[in-house]
Amino acid sequence: MNLQTKIQLNIMHNNGDILDTKDLIPITHEFADQIYIRKMVMSTGQIVIGAKHKHEHVWFLLKGRVSIKENNEIITHIGPCYTISKPGAQRIILAHEKSVFVNVHKNPDNIKNIKKLEKLIVEL
């Protein structure tokens, strides 16, 4: 099953007023037995502030170049590459060029409802 959603990135003033709305970031959701795969395609210059992850998981940068801030450290990654992400990880991702970013999460109950999965995987 392949589901698709989109993230809209809003740049806001500190009082909550939206200053600018950036292009949508396509997110694709796929499933294998006990596995949830989330793919995000970022355009040059887009920034994503991710949720805090509850579990260890693997993420892959299939192509592109991104800088990621995590735990007060900024690392630039050039795809293809991968990293094992620890519980509590929260990332800020800047795409320097078109980039394909994939998270792979455990899904032992084969849940396909994205909202239910998000409650299990990240702190909202």
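The structure contained in this document is the topic of the report that follows.

## A word on the sheet that holds strand 7 (residues 65–70)
- Pairing is antiparallel in the open sheet, where four strands are placed in the order 4-10-7-8. Two strands bound the open sheet, and with one partner strand each, they are strand 4 (47–49) and strand 8 (73–78). For this sheet, the mean inter-axis angle between neighbouring strands, taken without regard to orientation, is 20 degrees.
- The sheet contact formed by strand 7 and strand 10 (residues 92–95) spans four bridges and is antiparallel. Bridge pairing in strand 10 links Val66 to Ala95.

## Some points on the packing of aromatic side chains
- Under the definition given, this model contains three aromatic pairs.
- Centroid distance Phe31 to Tyr36: 5.6 Å. Interplanar angle 25 degrees. Geometry classified as stacked.
- In this structure Tyr36 comes out as buried when scored by relative accessible area, which is 3%.
- For the pair Phe60 and Tyr82, a centre-to-centre distance of 5.7 Å together with 40 degrees between the ring planes defines the contact as tilted. Residue Phe60 is located in strand 6 (residues 57–63), and its partner Tyr82 is located in strand 9 (residues 81–85); the two are separated by 22 residues in the primary sequence.
- The exposure class of Phe60 is partly exposed, given its relative accessible area of 29%.

## Thoughts on helix 1 (residues 114–121)
- Three or more residues of helix 1 are buried, namely Ile114, Leu117 and Ile121. Buried residues along helix 1 cover an arc of 60 degrees about the axis, so they all sit on one side. Residues of helix 1 that are exposed and point more than 90 degrees away from the buried face comprise Lys115, Lys116 and Lys119.
- You can read the cap of helix 1 off the contacts: a side-chain oxygen lies 3.0 Å from the backbone nitrogen of Lys115, and it is on Asn113.

## Regarding unusual backbone geometry
- A cis amide bond links Gly79 with the next residue in sequence, Pro80, at an omega value of 5 degrees.
- The residue Gln34 is not glycine, and still its phi comes out positive at about 65 degrees.
- By the element assignment, Gln34 lies in the loop between strand 2 (18–32) and strand 3 (35–42).
- Despite not being glycine, Asn72 shows a phi value in the positive range, around 60 degrees.

## Some remarks on the pairing of strand 10
- The alternating pattern of strand 10 places Ile93 and Ala95 on a buried face and Ile92 and Leu94 on a face that is not buried.
- Sheet analysis places strand 4 next to strand 10, joined by three bridges and oriented antiparallel. Bridge pairing in strand 10 links Val48 to Ile93.

## Concerning a nonpolar patch on the surface
- Nonpolar side chains collect at one region of the surface, where Ile47, Ile49, Ile92 and Leu94 lie side by side and expose about 330 Å² of accessible area between them.
- Locating Ile47 in the fold gives a position in strand 4.

So, how was this worked out
- Residues numbered from 1 in each chain as written.
- Predicted model: local features only at pLDDT ≥ 70, side-chain atom pairs only at ≥ 80, totals over all residues.
- Heavy atoms only, no water.
- Pairing = 2+ DSSP bridges.
- Helix = DSSP H or I, 4+ residues; strand = E, 2+ residues; numbered from the N terminus.
- Axes fitted to C-alpha atoms, helices over the stretch in contact; angles between N-to-C directions.
- Phe/Tyr/Trp six-rings, centres within 6.5 Å; stacked < 30°, edge-to-face > 60°.
- Buried < 20%, exposed > 50% of the residue type's maximum accessible area, 1.4 Å probe, protein only.
- Arc of directions from axis to C-beta.
- Polar contact = N/O pair within 3.5 Å; in protein donor to acceptor, adjacent residues only side chain to side chain.
- Patch = residues over 30% accessible without salt bridge, like charges linked within 9 Å, V, L, I, M, F, W, Y side chains within 5 Å.
- Areas by Shrake-Rupley, 256 points an atom, 1.4 Å probe, with all protein chains shown as cover.
- Salt bridge = Lys/Arg side-chain N within 4 Å of Asp/Glu carboxyl O.

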